[in-house]
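As a plain string of letters, each chain reads:
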Amino acid sequence: MSNALAKHDALLCQHKFVLVRDDKHKVYRNPEGKVYVTAATPSDWRAGFNMLKALKRCIAEPAKPLVLAINDFEREQAAQLIQGQPKLQHAAHGMGSGKQKHSRGTGFIYDGPRMIPEEQAIREVQRQRARENARRRAEEKRQQREHNRALRQQKRAAAETAAREFEEAYRPFLNVTRRIVDKLEADFIAMCQSSIRHRAWSPDLTFYEFPVKGSGDDKAERWAHGLFISGIEEAREYGEETTMDYMEWLIEDLASNCSMYLARSEQRVTRVMKFVERQMAKSNSIWDLQDALSDEMERLDDAMKAWETARLYGDLDFELDDWLAGLGVNVYEDPVIDVIVHKNEVSVVWDVGAKQPPRHGSRRFDIVDALPGG
């Protein structure tokens, strides 16, 4: 059995073709309804190759009725007989056909399904539909990008408008707050620097070298002295022996901490001012701001971290009371229930009782005080 016939029989088995008629033609049919017809006694020496090619074509093409498949086969057989097929005649038994000119061919053998006009039309419709779907998806993506770009522009414009309104409404008060914070920070820096510079102690801790009286550094020196004494008392409470070596270590430790506080000055001021701005964005009540400052100070104290920042929050809370008092607002009066700020105006809200609506009184602060360094 030739190689082509072996492949032909294997392909019949693979696609489950069953012989349904065996007279002058062999007729096969598989479960898909495809009908394959071949000659019962093929005489062509290339019959195996032709049968294999016909079987592959039958498998690739749509199923045909039995009668139509037989008619198509007989018509192809008749056409081949009319046209004739050149056959190579052997010169003698056991000898080749002699030297003949052979075509080199193209090197390709096309054995695929034949395309009928209906299938071509269907595939063209499918390609056209695919192109339309691709254009539609591209247009949808473009529209979505335009929509997202418009939303981003709207959000950006809204944020810029809100920022301008916030600046207009609260920048004067924020400038006042910044001036207070800068003054508090300058005092704290002076105290830290004094603690680093002056460290002359007597063994019994009864003498400390203060600067010349009237130099303006007395407050800072007293603060440094208080830090040292607090450290000694705490050590004694825990049973530590306060020798001169220990006191020298304590002095160096306090100086190291003060150096760290100095290095974090700008970060500390920025943090407090950002906190004030966020709180003012929530409420324009100065009392709400003071409550938030007090809560933040307590939170940091409870966490036992950022002691110098917690101190700044607390000092700012008390300094705002003094600033309001300078405007003639007594925040400790019982009828006062709130203090509202807007631009360079402070509005005091009084409770007049007897189920009457609250009464408002305005106080304006000088715009110069609202400028940095004013």
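Note that the structure is a prediction, hence the values are computed from the model and not measured.

Participant: Please set out the layout of surface pockets residue by residue, giving values where relevant.
Facilitator: Taken as a whole, the second largest pocket spans an internal volume of roughly 280 Å³. Among the elements of the structure, α5 (218-237) and α6 (244-263) are those that each provide at least two residues to the lining of the second largest pocket. Within the lining of the second largest pocket, the residues separate by chemical class into 8 nonpolar, 3 polar and 2 charged.

Participant: Account for the pairing of strand β3 (residues 35-39), naming residues and giving values.
Facilitator: By the criterion of burial, β3 is predominantly enclosed, with 4 of the 5 residues buried. Pairing analysis gives 5 bridges linking strand β2 (residues 25-29) to β3, with the strands arranged antiparallel. Counted as the bridge partner of Lys-26 is Thr-38 from β3. Following β2, the chain reverses through 5 residues before pairing antiparallel with β3; Gly-33 in that reversal takes a positive phi of roughly 85°.

Participant: Give a detailed account of the pairing of strand β5 (residues 345-350), specifying residues and quantitative values.
Facilitator: With 5 of 6 residues buried, β5 is to be regarded as a mostly interior element. Alignment of strand β4 (residues 336-342) against β5, held across 6 bridges, turns out to be antiparallel. Each residue of the ladder has a partner; that of Val-339, found in β5, is Val-348. In sequence, β4 turns back onto β5 through a hairpin of 2 residues, with Lys-343 there showing a positive phi of about 55°.

Participant: Break down the packing of helix α7 (residues 265-282) against helix α8 (residues 286-303) for me, with residues and values.
Facilitator: Here α7 crosses α8 at 135°, and the two axes come no closer than 10 Å. Classified by the angle between their axes, α7 and α8 sit oblique to one another. Our pair here, α7 against α8, has a crossing hand that is right-handed. Where α7 approaches α8, its residues Arg-271, Phe-275, Val-276, Gln-279 and Met-280 are matched on the opposing element by Asp-288, Leu-289, Ala-292, Leu-293, Glu-296, Arg-299 and Leu-300. Residue composition of the contact of α7 with α8, grouped by class: 7 nonpolar, 1 polar and 4 charged.

Participant: Requested: an account of the nonpolar core, with residues and values cited.
Facilitator: Phe-173, Met-280, Leu-316, Trp-323, Leu-324 and Val-346 are the most contacted members of the largest nonpolar core, which totals 37 residues. The biggest single contributor to this core is helix α4 (residues 117-197), with 9 residues. Excluding residues within four positions of it along the chain, Val-346 makes contact with Trp-323, Leu-324, Leu-327, Val-339, Ile-340, Val-341, Gly-361, Ser-362, Arg-363 and Phe-365. Phe-17, Tyr-28, Leu-52 and Ala-54 belong to the second largest nonpolar core, which has 11 residues in total.

Participant: Pulling in residues and values, what's your account of the packing of aromatic side chains?
Facilitator: Scanning the model with the defined rule gives 10 aromatic pairs in all. When the centroid spacing of 5.8 Å and the interplanar angle of 25° are considered together, the rings of Tyr-28 and Tyr-36 count as stacked. The pair Tyr-28 / Tyr-36 is uniform in exposure class, with both members buried. Consider the rings of Phe-188 and Trp-307, whose centres lie 6.1 Å apart with planes at 50°: the pair is tilted. Pair noted here: Phe-188 is in helix α4 and Trp-307 is in helix α9 (residues 307-326), with a separation of 119 residues, a long-range link. The exposure class of Phe-188 is buried, given its relative accessible area of 2%.

Participant: Give me the lowdown on the environment of Leu-262, citing residues and values where you can.
Facilitator: Take Leu-262: it is sitting in helix α6. On the accessibility criterion, Leu-262 (26% relative accessible area) is partly exposed. For the pair formed by Leu-262 and Cys-192, sequence separation is 70 residues and the distance between their alpha carbons is 7.2 Å. Leaving out residues up to four positions away in the same chain, Leu-262 has contacts with Ile-189, Cys-192, Gln-193 and Ile-196.

Participant: Report on the confidence of the model for the chain, specifying residues and quantitative values.
Facilitator: Where the model shows low pLDDT, its predicted coordinates should not be examined in detail. Chain-level pLDDT for the chain is 80 on average; 81% of the residues reach the 70-or-more range. Within the chain, the lowest mean pLDDT, 76, falls on helix α3 (residues 66-83), and the highest, 94, falls on α7. Below pLDDT 50 for its whole length, residues 370-374 participates in 10 contacts with residues either more than four positions away or in separate chains.

Participant: Could you give an account of unusual backbone geometry, with specific residues and numbers?
Facilitator: Residues other than glycine seldom take positive phi values, yet Lys-16 does so here, at roughly 60°. Residue Lys-16 is classed as exposed on the basis of its relative accessible area, which comes to 57%. The backbone of Lys-343 sits at a positive phi, close to 55°, despite the residue not being glycine. Within the secondary structure, Lys-343 is located in the loop between β4 and β5.

Participant: Before we move on, could you go through the pattern of salt bridges and cite the residues and values that matter?
Facilitator: Enumeration according to the criterion identifies 19 salt bridges in this entry. One salt bridge connects Arg-131 with Glu-124, and the closest N-O pair in it is separated by 3.6 Å. When the shortest N-O distance is used, the salt bridge between Glu-139 and Arg-142 registers 2.5 Å. In this pair, Glu-139 and Arg-142 both sit in helix α4, 3 residues apart, roughly one turn of the helix. A relative accessible area of 38% places Arg-142 in the partly exposed class. Linked through salt bridges whose partners overlap, the residues forming this network are Glu-185, Arg-264, Arg-268 and Glu-308.

Here is what the cut-offs are and how they apply
- Residues numbered from 1 in each chain as written.
- Predicted model: local features only at pLDDT ≥ 70, side-chain atom pairs only at ≥ 80, totals over all residues.
- Heavy atoms only, no water.
- 1 Å grid on protein atoms, 1.4 Å probe; cavity = no way out; pocket = protein on both sides within 12 Å on 5 of 7 lines; lining within 4 Å.
- Points joined across faces, edges and corners; volume = space filled by probe spheres on them.
- Helix = DSSP H or I, 4+ residues; strand = E, 2+ residues; numbered from the N terminus.
- Nonpolar A, V, L, I, M, F, W, Y, C, P; charged D, E, K, R; others polar.
- Buried < 20%, exposed > 50% of the residue type's maximum accessible area, 1.4 Å probe, protein only.
- Pairing = 2+ DSSP bridges.
- Axes fitted to C-alpha atoms, helices over the stretch in contact; angles between N-to-C directions.
- Parallel < 35°, antiparallel > 145°, perpendicular 65-115°, else oblique.
- Left-handed = near helix turned anticlockwise from the far one by under 90°.
- Contact = heavy atoms within 4.5 Å.
- Core = buried A, V, L, I, M, F, W, Y, C linked by side-chain atoms within 4.5 Å.
- Phe/Tyr/Trp six-rings, centres within 6.5 Å; stacked < 30°, edge-to-face > 60°.
- pLDDT = per-residue confidence, 0-100.
- Salt bridge = Lys/Arg side-chain N within 4 Å of Asp/Glu carboxyl O.

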